[in-house]
Amino acid sequence: MALFLNILKIIGIILLCILALLLVLLLLALFCPAVYRIKGEKQDKLLLHARISWLFPLIYGNIKYEGKLSCILYLLGIPVYDVLGEKSPKGKKTEKDGKKEKKKQKGKRKEDNAAKKRKGSQGAEKKKDNNSENNINNIRDIEDVENAGRQNQEEQSREAYSDIVRQKTVMEEKNEEPRKVNILENPEMADKHHEEEKPSIFQKLIQPIKEFFQKVKLFFQKIFEKVRNIKYTILNMKEKLENLKETVYWYKEVLEREESKRAITKGKQQLLKFLNHVKPKKVKGNVLFGFEDPGTTGEVLGFISMFYPLFGNHITVTPDFERTIFQGDFYIKGRIRAFNLLRFGWSIFFDKDIKNLYNILTGGKNHE
């Protein structure tokens, strides 16, 4: 019995240790801030470097841009994941390994070239024999094709002759030739036939007038259709404008309610708190600029001086009135806590006024 109690005690201690460890990890995740640092420099080229670290740089990520973008995640200083999907950072080769591989590749290329030359000399002789045999075979094939073509032509001519004979016999059986003879033997019928085909002088005079009136009719029909389409378009636009006007008035009426005003005020407060928490705690920078025209440089400097109270203690601006230049560097540092983000999200998501306003705006008039 005592042994069983000791085993339960040990299991309980292990479970408590695991729970304590999970609690510590949870507290670290909530209250240990993620620190971000961003550096940038512009001289001849643009260079950027951003680093986000968490849990006392046990986990951090590096983002670099030096003509090419790279983003790598590190655990205890060891690269574990390349976000952009390139080759694993662990698989990077040293310069010595690269030189050895190059030497091996050169040796293999030399061996392959020698083998190709040997095969080429042997294959040349075989190609000559094969070419002679192929030429003989080609000549025979050509003769066979010519003979076959002659036979086909003879057969086709025989079939065509037999078809003509069949058609003549069919025509004779149907007595179609006497009809043609009767038409030719009766000149009066032929004259009437030609007179019916030829239009009269009156028809020749009326035909262009008919064509003119048909064109005029089509022209006015097109104009009428266009006017009718314009009318329908104006009516549709008027209907859309009325619907838009009603929608604007509805949104205005919703936003003027007391609960909507409370929701907007709370949302603004939480947004300002979030931005205040996320904004950089340390900012430094230097800017050197100049244009070809000194007057342009002075105008730009005057425009920048309007915002001097916002960045005057952090960024140094230096104008150059003698040359065209743009150089600079900056450094930004800040931190973000997960607990604060959860608090902001909780206060917004579970607020009744904000939830009601969101449901009304997304649901539209039917929601009411």
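The structure this text deals with has already been given above.
Residues numbered from 1 in each chain as written. Predicted model: local features only at pLDDT ≥ 70, side-chain atom pairs only at ≥ 80, totals over all residues. Heavy atoms only, no water.

(A) Spatial organisation of the overall build of the chain. Secondary structure summary: the chain contains 10 helices and 8 strands in total. Within the chain, buried positions represent 12% of all 368 residues. Taking all contacts inside the chain whose residues are at least 6 apart in sequence as the whole, residues at least 24 apart take part in 56%. Of the roughly 31,700 Å² of accessible surface on the chain, a fraction of 61% belongs to carbon and sulfur atoms. (Helix = DSSP H or I, 4+ residues; strand = E, 2+ residues; numbered from the N terminus. Buried < 20%, exposed > 50% of the residue type's maximum accessible area, 1.4 Å probe, protein only. Contact = heavy atoms within 4.5 Å. Areas by Shrake-Rupley, 256 points an atom, 1.4 Å probe, with all protein chains shown as cover.)

(B) Spotlight on the nonpolar core. W250, V254, A263, I354, L357 and I360 together form the largest nonpolar core, which totals 6 residues. For this core, the secondary-structure elements that each account for two or more residues are helix 5 (201-255) and helix 10 (352-363). With 3 residues, helix 10 is the largest single contributor of residues to this core. Apart from residues lying up to four places away in sequence, L357 is in contact with V254, L255, S260, A263 and I264. (Core = buried A, V, L, I, M, F, W, Y, C linked by side-chain atoms within 4.5 Å.)

(C) Representation of the packing of helix 1 (residues 2-31) against helix 9 (residues 338-349) within the structure. Relative to each other, helix 1 and helix 9 sit at 75 degrees, their axes nearing to 5 Å. In terms of axis orientation, helix 1 runs roughly perpendicular to helix 9. When helix 1 is examined against helix 9, the residues A29, L30 and F31 are found in contact with a partner set consisting of A338, F339 and L342. Classifying every residue of the contact of helix 1 with helix 9 gives 6 nonpolar, no polar and no charged. (Axes fitted to C-alpha atoms, helices over the stretch in contact; angles between N-to-C directions. Parallel < 35°, antiparallel > 145°, perpendicular 65-115°, else oblique. Nonpolar A, V, L, I, M, F, W, Y, C, P; charged D, E, K, R; others polar.)

(D) Structural view of unusual backbone geometry. A positive phi angle is found at L76, which is not glycine, with a value near 55 degrees. Counting through the fold element by element, L76 comes out in the loop between strand 4 (69-75) and strand 5 (78-82).

(E) Structural view of the sheet that holds strand 8 (residues 325-336). Spatially, the 8 strands line up as an open sheet ordered 5-4-3-2-1-8-6-7, and their pairing is mixed. Two strands close off the open sheet at either side, each with one partner strand: strand 5 and strand 7 (315-319). Geometrically, the sheet is characterised by an average inter-axis angle of 15 degrees between neighbouring strands, direction not taken into account. Running at roughly 160 degrees to strand 6 (residues 282-290), helix 7 (residues 294-305) makes contact with strand 6 and strand 7 of the sheet. (Pairing = 2+ DSSP bridges.)

(F) Structural view of the packing of helix 6 (residues 258-278) against helix 9. Orientation of helix 6 relative to helix 9, taken along the N-to-C sense of each, is 170 degrees, at an axis distance of 10 Å. In this view, helix 6 runs roughly antiparallel relative to helix 9, as classed from their interaxial angle. Contacts between helix 6 and helix 9 pair Q270, K273, F274 and H277 from the former with N340, L341, F344, S347 and I348 from the latter. Broken down by class, the residue content of the contact of helix 6 with helix 9 amounts to 4 nonpolar, 4 polar and 1 charged.

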